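Commentary on secondary and tertiary structure
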Amino acid sequence: MTGGLSLRHRLLLGMLLSTLLGLLLGWGCLLWLGPEWLWLAVVAGLLAALGIGLRLTRTLGDSLAGLEIGMLNLIDRDFSVSLPDSGISELDRLAQLFNEASARLRQERQHIYQRELLLDKVIQNSPNIMLLCDSVGHIIYANDAAKHLFNARKGLEGSSLSELKAKVSEEMRQMLESERDGLFNLGLPEGENQSWHLSRGQFNLNGQQHQLLLLKQMTRELNRQEVAVWKKVIRVISHELNNSLAPIASMVNSGRRLTTENRDPKLSLIFDTIENRTNHLGQFIEGYARFAKLPSPKKQVIPWARLLPELAEHYAFVCHEPPRLTLLADEVQLEQVLLNLLKNAHESGSAPEEIELQIASRSGWRSDAADPVAGVSICVMDRGSGMSAEVLSQALLPFYSTKPQGSGLGLALCREIAEAHDGRLSLQNRQDGGLLVQLWLPQQ
C-alpha cells in the first residue's frame, strides 16, 4: 500500500499512525481499567507508538546501515560490495549510485593494475639501468638490467647505495657520488670500454623524498653518431674528388691525342703517371664510398663448410674444431670482415701457423635487450706485436691506420658490419703476446 510513497511521506505517515495508535491504545486501557491506572495506559500507549515506529522505519535503518558498511568497504579499498533495492525510491537511488561508483572503482583498479603490469614489464625488459632509492640511500627498486650489471643474483632491494658504490669501478663510483648528470666509461673484462650516461631525478613518493638513478648504455649510440659524421664527410669528399677526377682523366686523353706525333718519352711518362695516380685515387675514393654506403645485411644461414675453405685460400689459419653452430648473417659481409681480420693478422708479424680462428657459442648483450642473448663468438688470434693502449683506443675509427699505405677503413668497416647485425667488435692484447679480435653476433 505504501510501496509508491516517498521517504518523507513514509516518515510522516509512520509518525501519524504511531501517534494515533498509541492514543487509541492508551484511551482503551483508560476506559477498561479506570482512572487509577492512567500511568499504565500512558506507558502502554508509548510502547505501542514506539513499536509501530520501529516497524515502519526498519527498512530505512537497514538501508542506512548497509550504506554505512558499503562506504567503510570503499575506504578499505574493497570494491566488491553492492547494495540491494529496498523498495523506497530515494534509498534505491542511493543504492544505485553506490553500486555504479563501486563498479567504476573496480574497473579503474583493474585498469591501473593492468597498466602497472605493463609498466613493470617494460621496465624489467629495458636495457637501461634503473635504481630507486629512498631519502636515506636504501635501494627499494631495481630492474633486471641493474641486477645483471651489478651481478646481484638475489636482487638489490634492501641494500644501500653506499654498499653498491664499494663494488663498482672508480669511474662509476665517482659518478654515483656526484650530484650531477654526465658520461663515464666502464671497462669490461674482455678489454672493451663502454660509455654510459647517468641521469638523476628527485620526486616525492608517499610523502617521502626519493631519488631515481637511470644509467643508459651510450656506446652504440655514440659510435653510430660518430660513424654518421664520418660517412657524411666521406660523401662530401668523394663527390668533390670525383668532380675533379673526371676532367683530369679527360684532359689526359686529349693531351695524348694532341701529342701523338711527339714521341718524347718524358711526355709519355708524365701522361702515364697522371693516369695511374688518377686511377689509384679513383679506387681509393671507391673504397671509402663503399664504407659510406654499406647496405643492410641480407641474413641467411652461414655455410661454414664452404666459407672456411674459401677464406683459407686467401689467408692461412688454424681452426681446431669445425663449427656446428647455426648463424644467420649476411655471408658476403661476414666474409669481408673475416678477410680483413685475417689479413691484419698476417701483417702483424705473426707466423701463419700461429694464426687461429675460433668459433664458439657465447651469450652477449644486444643494444635493445636487457638480458644476455645467445650468440656466436668468432675470434681471430695472432702472435704478432699487438697494439699499444693508444692504438687500441683508436683502431676502430675511420681514417686511422698505423700502416704506411693503409686507408684506415678495414677495422672501421668490420665494426660497422658487426653493429649492422646487432653485434659488436672488440680488440684486446693477448697475455703472451699478439692480438685477439672478437666478433660477436646474436644467434637468431
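Criteria and cut-off values
- Residues numbered from 1 in each chain as written.
- Predicted model: local features only at pLDDT ≥ 70, side-chain atom pairs only at ≥ 80, totals over all residues.
- Heavy atoms only, no water.
- Helix = DSSP H or I, 4+ residues; strand = E, 2+ residues; numbered from the N terminus.
- Buried < 20%, exposed > 50% of the residue type's maximum accessible area, 1.4 Å probe, protein only.
- Contact = heavy atoms within 4.5 Å.
- Areas by Shrake-Rupley, 256 points an atom, 1.4 Å probe, with all protein chains shown as cover.
- pLDDT = per-residue confidence, 0-100.
- Pairing = 2+ DSSP bridges.
- Axes fitted to C-alpha atoms, helices over the stretch in contact; angles between N-to-C directions.
- Core = buried A, V, L, I, M, F, W, Y, C linked by side-chain atoms within 4.5 Å.
- 1 Å grid on protein atoms, 1.4 Å probe; cavity = no way out; pocket = protein on both sides within 12 Å on 5 of 7 lines; lining within 4 Å.
- Points joined across faces, edges and corners; volume = space filled by probe spheres on them.
- Patch = residues over 30% accessible without salt bridge, like charges linked within 9 Å, V, L, I, M, F, W, Y side chains within 5 Å.
- Salt bridge = Lys/Arg side-chain N within 4 Å of Asp/Glu carboxyl O.
- Arc of directions from axis to C-beta.
- Left-handed = near helix turned anticlockwise from the far one by under 90°.

**Describing the overall build of the chain**
- If you tally the helices and strands in the chain, you get twelve helices and eleven strands.
- Out of the 444 residues belonging to the chain, those deemed buried represent 35%.
- By sequence separation, contacts in the chain at least 24 residues apart represent 55% of the contacts at least 6 residues apart.
- Within the structure as shown, the chain displays about 27,200 Å² of accessible surface, and the carbon and sulfur contribution to it stands at 57%.

**Remarks on the confidence of the model for the chain**
- Looking at the chain as a whole, its pLDDT mean stands at 78, while 75% of the residues score no less than 70.
- Looking across the chain, the model is least confident in helix 1 (residues 7-33), with a mean pLDDT of 66, and most confident in strand 9 (residues 375-381), with 92.

**A look at the sheet that holds strand 10 (residues 424-429)**
- Strand order in the open sheet formed by four strands is 8-9-11-10, with antiparallel pairing between adjacent strands. Two strands lie at the open edges of the sheet, namely strand 8 (356-361) and strand 10, each paired on one side alone. The mean inter-strand angle of the sheet, taken between neighbouring strand axes irrespective of direction, is 20 degrees.
- Sheet topology note: the strand 9/strand 11 (residues 435-442) ladder contains seven bridges and is antiparallel. Its bridge partner being in strand 11, Cys379 is matched across the sheet by Gln438.

**With respect to the nonpolar core**
- Trp304, Leu311, Leu327, Leu334, Ile378 and Leu439 are the most contacted members of the largest nonpolar core, which has 34 residues in total.
- Only helix 9 (304-314), helix 10 (331-347), strand 8, strand 9, helix 12 (410-420), strand 10 and strand 11 provide two or more residues apiece to this core.
- The greatest single-element share of this core, amounting to seven residues, is contributed by helix 10.
- Among all residues touching Leu327, those that are not within four sequence positions of it are Gln300, Val301, Ile302, Trp304, Leu334, Val376, Leu441 and Pro442.

**Points about empty space enclosed by the protein**
- Tallied over the entire structure, the rule returns one cavity of 30 Å³ or more.
- Empty space within the largest cavity amounts to approximately 40 Å³.
- What lines the largest cavity is simply Ala329, Leu334, Val337, Ile417, Ala418, His421, Leu439 and Leu441.
- Looking at the lining of the largest cavity, the elements that each hand over two or more residues are helix 10, helix 12 and strand 11.

**Remarks on a nonpolar patch on the surface**
- Residues Ile140, Phe203 and Leu205 make up a contiguous nonpolar surface patch of about 210 Å² in total accessible area.
- Mapped onto the fold, Leu205 is located in strand 4 (residues 193-205).
- When its relative accessible area of 33% is taken as the criterion, Leu205 is described as partly exposed.

**A short note on helix 9**
- Within helix 9, burial applies to Trp304, Leu307, Leu308 and Leu311. Within helix 9, the buried residues cover an arc of 95 degrees as seen down the axis, which keeps them to one side. Opposite its buried face, helix 9 presents the exposed residues Ala305 and Glu313, each directed more than 90 degrees away.
- Each element contacted by the buried residues of helix 9 is listed here: helix 10, strand 8 and strand 9.

**Topic: the pairing of strand 2 (residues 139-142)**
- Bridge count between strand 1 (residues 129-133) and strand 2: three bridges; the pairing is antiparallel. Directly across from Cys133, in strand 2, lies its bridge partner Ile139.

**Brief notes about the packing of helix 10 against helix 12**
- For the pair helix 10 and helix 12, interaxial distance at closest approach is 9 Å and the crossing angle is 145 degrees. The two elements helix 10 and helix 12 meet at a crossing, and its hand is left-handed. Along its contact with helix 10, which presents Gln333, Gln336, Val337, Asn340, Leu341 and Asn344, the element helix 12 presents Gly410, Leu411, Leu413, Cys414 and Ile417.

**Here we look at the pattern of salt bridges**
- Evaluated as defined, the whole model comprises five salt bridges.
- Across the pair Asp144 and Lys147 runs a salt bridge, and its minimum N-O distance is 3.9 Å. In this pair, Asp144 and Lys147 both sit in helix 4 (residues 144-149), three residues apart, roughly one turn of the helix.
- For Asp144, a relative accessible area of 27% puts it in the partly exposed group.
- For Lys147, a relative accessible area of 24% gives the class partly exposed.
- Across the pair Arg306 and Glu331 runs a salt bridge whose closest N-O atoms are separated by 2.9 Å. Here Arg306 is found in helix 9, whereas its partner Glu331 is found in helix 10, with 25 residues between them in sequence.

**Describing unusual backbone geometry**
- At Arg77, a position not held by glycine, the phi torsion is positive, near 65 degrees.
- Here Arg77 falls in the exposed class, since its relative accessible area comes to 65%.
- Although it is not a glycine, Asp422 adopts a positive phi angle of roughly 65 degrees.
- Within the secondary structure layout, Asp422 lies in the loop between helix 12 and strand 10.

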